Structure formats: C-alpha cells, structure tokens
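Next come the chains, spelled out residue by residue.
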Amino acid sequence: MMEKAALAEKEVQSNARISGAEMLINALKRQEVEVLFGYPGGAVLPIYDSLYHAGMKHVLSRHEQGAIHAAEGYARISGKPGVVIATSGPGATNLVTGITDAMMDSLPLVIFTGQVGTGVIGTDAFQEADILGITTPVTKHNYQIRDTKDIPRIVKEAFYIASTGRPGPVLIDIPKDIATLVAEEIEPESISLPGYQPTTEPNYLQIRRLVEAVSSSKKPLILAGAGVLHAKASKQLVEFAEQQQIPVVNTLLGLGTFPPEHPLYIGMGGMHGIYAANMAMYECDLLINIGARFDDRLTGNLSRFAPYATVAHIDIDPAEIGKNVPTAIPVVGDAKQSLLQLIKQNGKRSDNEPWRKQIHTWLEEAPYHYEKEDSEALKPQRVMELIYELSKGDAIVTTDVGQHQMWAAQYYPFKRPNAWVTSGGLGTMGFGLPAAIGAQIAEPDDLVISVNGDGGVQMSIQELGVIAEHNLPIKIIILNNGSLGMVRQWQEIFYESRYSQSVFASQPSFSKLAEAYGIKGIDARTEEEVKQAFTEEFPQHKPVLINVYVEPEENVYPMIAPGKGINEMVGVKKK
Ligand SMILES: Cc1ncc(C[n+]2csc(CCOP(=O)(O)OP(=O)(O)O)c2C)c(N)n1
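Residues numbered from 1 in each chain as written. Predicted model: local features only at pLDDT ≥ 70, side-chain atom pairs only at ≥ 80, totals over all residues. Heavy atoms only, no water.

### Some points on the site of the ligand
Part 1 of the argument: Neighbouring residues of the ligand: 17 residues in total, closest Gln 403, His 404, Gly 427, Gly 456 and Gly 485.
Part 2 of the argument: The contact in question runs from an oxygen atom of the ligand to an N or O atom on the side chain of Asp 454, over 3.4 Å.
Part 3 of the argument: Elements with a contribution of two residues or more to the shell around the ligand: helix H18 (403-411) and helix H21 (485-494).
Part 4 of the argument: Among the elements that take part in the shell around the ligand, H21 stands out by supplying three residues, more than any other. (Near = heavy atom within 4 Å. Polar contact = N/O pair within 3.5 Å; in protein donor to acceptor, adjacent residues only side chain to side chain. Helix = DSSP H or I, 4+ residues; strand = E, 2+ residues; numbered from the N terminus.)

Structural data, given as structure tokens:
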C-alpha cells in the first residue's frame, strides 16, 4: 500500500488543471529541450500563446522546411532530438520532405503539428490535412492526441521512441481544442511500450561466430556507417580495428567515425568513393558492416558487390540485415555494445599483412585526383582543399546535395565524429543552409561552414533571415558553377551533353542577396580572392556568404555508373 501511494505521488506532476498547451510546454521542459524550431499558424496558436511566457528558445524559420532541416542539423551535431512545431495543413505538409529525410538518415526528431478541432476532423475543414496518413510511411511513429490528459505521456513516449533503438522522427498531431482544454497534468513515471523493445545487447553466439570469421579471414574489412555515430562508438571502432588490424571503409554518412590519418583508414566507398575503398569491398573475404544500410549508392550493382566475402552485419534495426545483401553473420544490437563484446573476446588476429599492403598500393596508385591545369577557372576541388586548410580541418561542415556535396566528402577529411552534416539517403536539395543553422545552434562556438551549390541554396535561401536575426556566425560558401552541376554531369555522360533544364539562364547576385538580409556578401573568382576571403572571414564571429565562381564543366570522379559494379569505376587516374 505504502509503495503504491509513493508511486502515485511520483506520477502526479501537478494536480492543478492546466491547458493542453501548458502541459506540452511543461513536458518539453521535463525533456530538457533547449530549442524549438518552428513556425506559427491558426491551429497552433494555443501552443504559441503558452510559449509566450515559457522562457524557451524558439527559432522562427522562414519556411517550415527550414525549421525541420535545422532540427535535423541540430540532432546530427548534438545527438539530441530536434524539436519542430508547425501548424496544420500547409504548415504540416511543408515538413514532409524533412521528415522523410530524417527517416532515411535515422535522425531523432520530435515534431508537433497543429490540427483542426476534433469536432471537424474529416470534414475538409480550413487547413486540414491528414498528416497522420501522409506521414505514416515516413515516421518511426506518429500520434494524434485525442484527450488532453494524454499529452504528458505521449510526449514522454515520443522522445523515448525518437532517440532509442534506431533513431528517427516521431510526429505528434495536436487538434486545437485538445491544446486549449484543461485537464489534470499527470506524467506516468515509466514508459510502457510492449511492442517497442529495441535489442541493444548482441547475441553472444553471433559475436563468437564473427570473432572466428575474423581469425580465419585473410582479407577482412570493416564498413562503418552512421550507426557508429548514433551509438557514440567511434572509440570502440578504432579499438576493435586496431586490436584485429582490420582496414576501415566509411559510408558517406559514416565519415568522421574513424580518424582519416590512421594507417588502417581507407576512405569513403561508393559511387564517388576512393578507388582503394571500392576495390577493398570488391576483393575482401570478410565484410563487417557496422551501422550502415548497404544503400545502392554504396554497393553499385548488387550482383558485383563484395562477391568473395562472407558478410557480417551489426545493426540495431533487424530489418536492415539481409535487406540488400545476403548476410551470413547477423548481429542485432547497438554498435557500441557489439564492439565492446568483440573487443572483449580478443580473438586471434587474422593473418592479413599482404591484404593491408595491397590496400596501401591501391591508395598510393589512385588517390582522389583532379586536373589542376586544364582550365583558367578555379577548380571546385581546390576550393574544398582551401576550406580544409584554412579551417584547419576543425570545422563542422554542412552541405547541400550535388557535386559540391561529393567534393566536400572527398576533400574534407573529418577528424572527429559529428562534424559532418549532409543529406545522404534522400539527397534533399535545400538541406544544407538550414541544417547549418541547427548545427551552429547546437555548437555555438564551433566554426560551421555550409557548402552549397548555386541551385540548392536557392531552395532554402529565405533562411538567411534566421542567420541574420540570430547573428549565427555561419560561413556560407556557394560553389557557383552556374548550373545544376550533378544533373549537368549526368546529362554530359549519359545523355550526350543534352543539357535539358540544368543550366541557369539567370541567377541572382548571391553576394547582394546576402547584403539584403544584412549579411556580408563576397564574390570570389581566383584562388587569391578565395584565400583572402577565407583567411579574413573564418575567424570572425559573424555570418558571411562567399560566392565562389568555379569551373562550370568540372565533373565528380571517380564514379561508378548506374548498373555497374564497385570494381568498374571510371575516372580513376592511376599514378
Ligand atoms: C529537392 C531535390 N530536387 C531535385 C534533386 C535532383 N538533383 C540532385 S543534384 C541536383 C543538382 C544540384 O545543383 P546545385 O545545387 O547547383 O549543386 P552542384 O551539383 O552544382 O554542386 C539536382 C537537381 C534533388 N536531389 N533534390
């Protein structure tokens, strides 16, 4: 009896009757939410009214897509859920791309959408959209709250679901009357979700099988993806690779999980990855995937992917294992827990010196390469090298999507985890600029560099307003090639240079646009101008937009053409 009474006391946060909106604010505070990214409207007016005196930081985006990409950038850098609020109807539907992006890249988000009142749901009421139906395939979970008293429980569950297991976006739809009505505020002490029990501890027998496979392998290889970041397991990854002397390839999203200068590091694999990484994936006899999805941009033609390898796959999401690549050794579990188990086993090291030598030969004979002298114009790869040099490799880098994204991945080696923010799975143009806002808010004292194409930056350019308003010291760099470069590249290679709708006939002055928002704008055309701009601007604690005109016809190489195998790269220049 005593115990029950004590529990009941703990459960009740306050027995005063308060509005749903106030309950929501209280629930967010209990989750220690530092910042909300959002945009108001009719259906969320009660929530915004409660926010008025709540003393919580709210960043008013200029478009809901800006808010959700900022929340993604925040989540990627801080490791905490990004929180978003938007109104019903168009506010909610403007979030859908960002929700899908977060789902693809496993980013924890908690998204609140307003909804029309419960009495008119289903009547095509003003600004009604069935956001539950729309987002069911692209959320980890979604809720519509039908009773005010459920708010504390549902918010608590949503944060738990978003940030545990394989992280992902959770959406909570709140009808306007539910936010307005009053009820007693009760938050249950514990969460009870019998249908959601992520497996974090790996199965011992599978770990043993993997240890034995390593011992008998002559050509072992680790493929490390963003699951290593989510599990905060970079240290353990290095420890395991060193203990067993296994070389490491990264996925695009896994960059930063392994020190780039480490002798066991090969580099990024996949469509625009480094030759040695793809050859290693082709030739290895044991491929240990840790927290990666075997995305088609990584694997190329599946029939030619790792054809000689026994595949082991460590993933917290069992649905990923065997989805694309037949897997002999499945390990369901958290990457850190699994690596700790593997390290503890301290298995017999594989005898693989010739393999490591072979990898070094590949690395030496075909590093990333571009022709330095074949045009007057500045090479985008050179600009990326300068960004690296003049930021001393210490920056947080966000990118948009396209050629510049691949050059950033190739020419900016990440020395630490959680410094790389890019849209991998969905490849969402318009991501880079708002993602930098979230990253800078998560790490106010870090140097945040946002690398963009002249196409994609225009998809979120309105977010310059947020950067100016909050004086966020982001260095916005545009690699301006006057075209939708990646599309132009594919048209050049696969469509006989028919540049259908990929070259801009007209463009704004990006530097003047920045100035119009109150942000310093610079145009640069030569290496000297770029160096000067970076040297002067990177140390300043204020925003700047540097528009760099680059060679318009430069292509990203090496490349695996669609349908080709990872051993069939083109544009590899051998020394
Ligand atoms: C929202 C969206 N629309 C279309 C695409 C297809 N797409 C991929 S890359 C690209 C070109 C990007 O051009 P730009 O932003 O100028 O960057 P660049 O490739 O020149 O570096 C396009 C249109 C996309 N990824 N996302």
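The structure having been displayed, the exposition proceeds.
### What about the pattern of salt bridges?
Part 1 of the argument: This structure, assessed with the given rule, holds 31 salt bridges.
Part 2 of the argument: When the shortest N-O distance is used, the salt bridge between Lys 156 and Glu 187 registers 3.4 Å. Taken together, the residues Lys 156 in helix H8 (residues 151-163) and Glu 187 in the loop between strand E8 (182-186) and helix H10 (204-216) connect sequence positions 31 residues apart. For the pair formed by Lys 156 and Glu 187, the shared burial category is buried.
Part 3 of the argument: Through salt bridges with shared partners, a single ionic network connects Asp 147, Lys 149, Asp 150, Arg 153 and Glu 157. (Salt bridge = Lys/Arg side-chain N within 4 Å of Asp/Glu carboxyl O. Buried < 20%, exposed > 50% of the residue type's maximum accessible area, 1.4 Å probe, protein only.)

### Quick look at the pairing of strand E4 (residues 82-86)
Part 1 of the argument: The buried count for E4 comes to five of five residues, which makes it a mostly enclosed element.
Part 2 of the argument: The alternating pattern of E4 places Gly 82, Val 84 and Ala 86 on one face and Val 83 and Ile 85 on the opposite face, and all of these are buried.
Part 3 of the argument: Sheet topology note: the strand E2 (residues 35-38)/E4 ladder contains three bridges and is parallel. Opposite Phe 37, over in E4, you have Val 84 as the bridge partner.
Part 4 of the argument: Pairing of E4 with strand E5 (residues 109-115) involves five bridges; the strand directions are parallel. (Pairing = 2+ DSSP bridges.)

### Notes on the sheet that holds strand E9 (residues 220-224)
The strands making up a sheet are joined through hydrogen bonds of the backbone, oriented either antiparallel or parallel.
Part 1 of the argument: Ordered by their spatial adjacency, six strands build an open sheet running E11-E10-E9-E12-E13-E14, and the pairing between neighbours is parallel. Either end of the sheet is taken by a strand with one partner, and the two such strands are strand E11 (265-268) and strand E14 (329-332). Strand-to-strand twist across the sheet, computed as the mean angle between neighbouring axes with direction ignored, equals 15°.
Part 2 of the argument: Where E9 and strand E12 (residues 286-290) come together, five bridges link them in parallel fashion. Within E12, the position partnered with Leu 221 by the bridge is Leu 287.
Part 3 of the argument: Across the sheet, H10 lies against E12, strand E13 (310-315) and E14, angled at about 135° from E14, the strand it touches most. (Axes fitted to C-alpha atoms, helices over the stretch in contact; angles between N-to-C directions. Contact = heavy atoms within 4.5 Å.)

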